[in-house]
Amino acid sequence: MRKYMQENETKPYKIMAVDDDPGILDSLKVVLRRNGYDLTCFENPIEAIKELENNHYDLLLLDFIMDELHGDQVVAEIRKFDLNLYILLLTGHKDLAPPLQTLKQLDIQGYCEKSDNLDQLILLIESALKSVDQMRIINEINEELKDKNEELEQAYLDTIGILRQTVEAKDPYTRGHSDRVSAYSVLIGEKLKLSEEELHTIKIGGLFHDIGKIGIPDSILLKESKLDDEEYSQIKNHPSIGAHILGDVSMFRDIIPMVLHHHERFDGRGYPSQLAGEDIPLIARIAAVADTFDAMTSKRSYRDAMPLDVVIQEIERCSGAQFDPNIANIFLDILKNEYGKIEEIQEKYKGIVRRKRNGNSLKMFKICIKINTDEEKNEKDKRFYKEKI
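Predicted model only: the values in this text are computed from it and were never measured. (Residues numbered from 1 in each chain as written. Predicted model: local features only at pLDDT ≥ 70, side-chain atom pairs only at ≥ 80, totals over all residues. Heavy atoms only, no water.)

(A) Quick look at the pairing of strand β6 (residues 110-113). The side-chain alternation of β6 yields one buried face, formed by G110 and C112, and one unburied face, formed by Y111 and E113. Sheet topology places strand β5 (residues 86-91) next to β6; four bridges connect them, and they run parallel. Paired with L90 across the strands is C112, a residue of β6. (Buried < 20%, exposed > 50% of the residue type's maximum accessible area, 1.4 Å probe, protein only. Helix = DSSP H or I, 4+ residues; strand = E, 2+ residues; numbered from the N terminus. Pairing = 2+ DSSP bridges.)

Spelled out as structure tokens, the structure:
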């Protein structure tokens, strides 16, 4: 067993790498040191588990295929004493990647293929450490306010609200987005005759549905041109990142399904879990309609807001594919018969929103496009995603 310790810590994070290939560990040590990170490396996974049991680490980079224990076995042992450690699983071959069910069951936050170019790994590490930072802030506040229930709730809402506003402040074209999604979602919930408690959950969930974007690099969030495959893959992580940020705070437990699943599709072709139909939590199905409506009716740097008649046509066309048809019909009824309520919300939470009631000519991305192949859908989703940032 060889253990490497970097002598000069330059950033306040403790990162561990576990791999039975010393060459991989040497490469990781050089690259992470060049980027200012302290690193502890182990070839022996059993000794790494003992170290983690006795000392705190912020992030674990873990090889999946090792001689003594495979990565999933190592994680299973770690989760017996640490449910919060952020883990990135490394695999040498795509075909050897762990099953999705294993990643979910062991709460492994992500995995990355090994390659000579470690740029993608560095981006994943930076995103992971952003999440670690936010969890640290939340946990510190939790310790300070644990005996003050009402003050605790407001303090959490304010703190996460600041993070939410930080995300929206990066791009003037997304300001007010979460407030509007929250309000639209509550309108739908009222039509569904949900309880006051359920409406409160929807309101808070709508406010924080995009909080995971705090863990996405600005270079991707603010990119004007088309996202490439790697960038699109990273941006699809924001629901999982958001759920992880809020996961250890009991008061946010009920909103996590909305945060995690608001990009699922009724036909099962969404993300991150490819849930379909009523397997998608109700609050997430509500948010999917509200989120998309706000994307269509908000002005962007590269296009104007879509006219209301075009928006209605799109929601009608996507009912049963992207959207729960019952929820889509409820929201369509609001748009057609109670549009004043929508205008009140848009006026109250002004971002860069331009409302249009009519108009037939508009260059626009289709939200719900007939999908011939999974590859074609992936390309079209990448083009449309900029509509929803």
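Back to the text.
(B) Inspection of the environment of A284 at higher detail. In this structure, A284 sits in helix α13 (residues 282-297). Put simply, A284 and I202 are 82 residues apart on the chain and 9.0 Å apart in space, counted from C-alpha to C-alpha. Aside from chain neighbours lying at most four places away, what touches A284 is P257, M258, H261 and H262. (Contact = heavy atoms within 4.5 Å.)

(C) Up close: the pattern of salt bridges. According to the stated counting rule, one finds twelve salt bridges in the structure shown. Three or more residues are tied together by salt bridges with common partners; here these are D58, D133 and R136. (Salt bridge = Lys/Arg side-chain N within 4 Å of Asp/Glu carboxyl O.)

(D) Spotlight on the environment of N237. Following the sequence through the fold, N237 ends up in the loop between α10 (229-235) and α11 (238-246). Expressed as a C-alpha distance, the spacing of N237 and L260, which sit 23 residues apart in the sequence, is 9.5 Å.

(E) View of the pairing of strand β3 (residues 38-42). The buried fraction of β3 is high, at five of five residues. Of the two faces of β3, the one lined by D38, T40 and F42 and the one lined by L39 and C41 are each fully buried. Note: strand β2 (residues 14-18) against β3, five bridges, orientation parallel. If you follow K14 over to β3, its bridge partner there is D38. Considered for its hand, the β-α-β crossover made up of β2, helix α1 (residues 22-34) and β3 is right-handed. (Right-handed = clockwise from strand over helix to strand, strands pointing away.)

(F) Representation of the side chain of S182 in the model. Here S182 shows up in helix α7 (residues 177-191). S182 sits in the buried class, given a relative accessible area of 4%. Setting aside residues no more than four positions away along its own chain, S182 makes contact with I202, K203, G206 and L207.

(G) Region of the structure containing α1. Between its terminal C-alpha atoms α1 stretches 18 Å, which fits the 18 Å expected from 13 residues at 1.5 Å a residue. Where α1 is concerned, the buried positions are L25, L28, V31 and L32. Projected down its long axis, α1 carries its buried residues within an arc of 135°, all on one side. Along α1, the residues that are exposed and aim more than 90 degrees away from the buried face are R33 and R34. Once α1 finishes, G36 follows within two positions and takes phi at roughly 85°, a positive value. (Expected span 1.5 Å × (residues − 1). Arc of directions from axis to C-beta.)

(H) Highlighting the packing of aromatic side chains. By the definition in use, this model includes five aromatic pairs. Geometrically, the ring pair formed by F208 and F252 is edge-to-face, given 5.8 Å between the ring centres and 85° between the ring planes. Of this pair, F208 sits in the loop between α8 (196-207) and α9 (218-221) while F252 is found in the loop between α11 and α12 (256-261), placing the two residues 44 residues apart along the sequence. Classification of F208 as buried rests on a relative accessible area of 2%. Residue F252 is classed as buried on the basis of its relative accessible area of 0%. Between the NZ or CZ atom of K14 and the centre of the ring of Y57, over which it lies, the distance is 4.5 Å. (Phe/Tyr/Trp six-rings, centres within 6.5 Å; stacked < 30°, edge-to-face > 60°. Lys NZ or Arg CZ within 6 Å of the ring centre and 35° of its normal.)

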